[in-house]
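Residue strings, one per chain:
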Amino acid sequence: MNRFTTGLFRTAALATIAIVATGCSYYKITDPTTDKAYYTEKYESKDGISFTDAVTQKKVTVQNAEIEDITSSQFKAATQK
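Given the structure is predicted, the values throughout are model-derived calculations rather than measurements.

Reading guide: rules and limits
Residues numbered from 1 in each chain as written. Predicted model: local features only at pLDDT ≥ 70, side-chain atom pairs only at ≥ 80, totals over all residues. Heavy atoms only, no water. Helix = DSSP H or I, 4+ residues; strand = E, 2+ residues; numbered from the N terminus. Buried < 20%, exposed > 50% of the residue type's maximum accessible area, 1.4 Å probe, protein only. Contact = heavy atoms within 4.5 Å. Pairing = 2+ DSSP bridges. Axes fitted to C-alpha atoms, helices over the stretch in contact; angles between N-to-C directions.

A. Just the environment of Ser25, in detail. Secondary-structure assignment places Ser25 in the loop between helix H1 (3-22) and strand E1 (26-31). What makes Ser25 partly exposed here is its relative accessible area of 32%. When the C-alpha atoms of Ser25 and Ser72 are compared, they prove to be 7.8 Å apart, with 47 residues separating the residues in sequence. When near neighbours in sequence (up to four residues on either side) are disregarded, Ser25 contacts Thr40 and Glu41.

Shown next as structure tokens:
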């Protein structure tokens, strides 16, 4: 392995560690038929978008949902967490 290749591997490893270390993702999921917004930290896209609503703690499935990445401060403000 040359120095260039070693440097690329090191950079890729550090980037992966940084992504894993941040860990938390926050999403605002909007039902376009009702304009209701839900907030969650994870979701599945199988037979619609399924997730647990952070406010009600209920399992929700939305068809054709609009998904937006949001910051932790936006998530906390919306969910009072």
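B. How the structure looks around the pairing of strand E4 (residues 49-52). With three bridges connecting them, strand E3 (residues 43-45) and E4 associate as antiparallel partners. The partner of Glu44 across the bridge, within E4, is Ser50. Hairpin connection of E3 to E4: three residues between the antiparallel strands, including Asp47 at a positive phi of 55 degrees. As defined by bridge partners, E4 adjoins strand E5 (residues 59-62) across four bridges and the pair is classed as antiparallel. Note on E5: the bridge partner recorded for Ile49 is Val62. Hairpin connection between E4 and E5: a loop of six residues separates the two successive antiparallel strands, and Gln57 in this loop has a positive phi of roughly 65 degrees.

C. Spatial organisation of the sheet that holds strand E2 (residues 36-40). Reading across from one edge, E2-E1-E6 is the order of the three strands in this open sheet, with antiparallel pairing throughout. The open sheet has two edge strands, E2 and strand E6 (66-70), and neither has a second partner. Each neighbouring strand pair of the sheet contributes to a mean axis angle of 25 degrees, computed without reference to strand direction. For E1 and E6, the ladder comprises five bridges, and the chain directions are antiparallel. Counterpart to Lys28 in the pairing with E6 is Glu68. Sheet contacts for helix H2 (residues 72-79): E1, E2 and E6; angle to E2, the most-contacted strand, approximately 120 degrees.

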